[in-house]
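Residue-level structural notes
Each chain is listed here by its residues.
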Amino acid sequence: MATAASDAIEEDDLNPSWFTPKRLLAIFCIINMLNYIDRGAIASNGVNGSLGTCIEGDTCSGGSGIQGDFNLNYFQDGLLSSAFMVGLLIASPAFAALAKVHNPFRLIGVGLSVWTFATAGCGFSFGFWSILLFRMLVGVGEASFISLAAPFIDDNAPPDQKTVWLSVFYMCIPTGIAIGYVYGGLVGSYVSWRVAFWGEACLMLPFAVFGFVTRPIKMKGFGSFNNLDKSSGALKTNDTDVEDTQLLDDSDKLLNDVDESESDDIGRHAEVNAKKKHILYVSLS
């Protein structure tokens, strides 16, 4: 078992993860920005659109965007914009709990895959209930990243730059929303609101695939999922057992040496006493 752990450690050193701390920050910033581009896009006039209106004289203009295609009322439109929060609130604790037994980096890959599927599904939706379901799934996919990305950055950032790195990461939130408004307005107006969702899915797809094919990095404090950590723990246990055995052997040897030393001392004392008695007997005679 010790040999297997040593081999695993050597393999870990020879094949380090592709990620450096700066690469990790850059990738997470892009993913975070894509998440919020989606939020800005669905709220933009190009994607959200407007209802059809009729004026006097039976002159009606067709609606645009999601509202126009699905003929949503104001309540449905508001529900659609916030539906992702349902999936986000339910899935965030679940992903946080799963991170204790599964590699958090792989969980992020799972979440990004769900996000990609759900965003593409928004473009294929055919009614209010279908797009509402897909928006909830978008929140589920986003939950894994939101729950686990910041701890990864905190683990890998230089100690004196943790605050700066986290501020750069969170700065992508308003930046992404602003870009989303522009992106959704342009694509929705000149092409289609469906294409806007498909474009987001295409942009996220490489990151979802990358989360599975690349060698994951470890997060501090979450080691039960990692075989190397188990092997290392077993190696440490075996080393401790060897040390304890050696200590017992040394103790037995020391006790034997003490017993032999005490026996020699007793023998010398007995010999000295015998000589003293002999001298005393001779002198009295």
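Residues numbered from 1 in each chain as written. Predicted model: local features only at pLDDT ≥ 70, side-chain atom pairs only at ≥ 80, totals over all residues. Heavy atoms only, no water.

Points about the nonpolar core
With 49 residues, the main nonpolar core has F28, I31 and I66 as its most contacted residues. Going through the elements one at a time, α2 (21-43), α4 (65-70), α6 (84-98), α7 (104-124), α8 (128-156), α9 (162-190) and α10 (193-213) are the ones with two or more residues in this core. When residues in this core are grouped by element, the largest group, eleven residues, is from α8. What I66 contacts, discounting residues up to four positions off in sequence, is I42, V47, N48, N71, L72, L80, I131, W193 and F197. (Core = buried A, V, L, I, M, F, W, Y, C linked by side-chain atoms within 4.5 Å. Buried < 20%, exposed > 50% of the residue type's maximum accessible area, 1.4 Å probe, protein only. Helix = DSSP H or I, 4+ residues; strand = E, 2+ residues; numbered from the N terminus. Contact = heavy atoms within 4.5 Å.)

Re the side chain of S92
Of note, S92 is situated in helix α6. Here the side chain of S92 touches L88 through a polar contact of 2.7 Å, landing on its backbone oxygen. Ignoring any residue separated from it by four or fewer positions in sequence, one finds S92 in contact with A143 and S147. (Polar contact = N/O pair within 3.5 Å; in protein donor to acceptor, adjacent residues only side chain to side chain.)

Regarding empty space enclosed by the protein
Scanning all chains against the criterion turns up one cavity of 30 Å³ or more. Of the volumes computed, that of the largest cavity is approximately 70 Å³. In terms of lining, the largest cavity is formed by eleven residues, of which the most central are I31, F105, L112, F207 and G211. At four residues, the largest contribution of residues to the lining of the largest cavity is made by α7. (1 Å grid on protein atoms, 1.4 Å probe; cavity = no way out; pocket = protein on both sides within 12 Å on 5 of 7 lines; lining within 4 Å. Points joined across faces, edges and corners; volume = space filled by probe spheres on them.)

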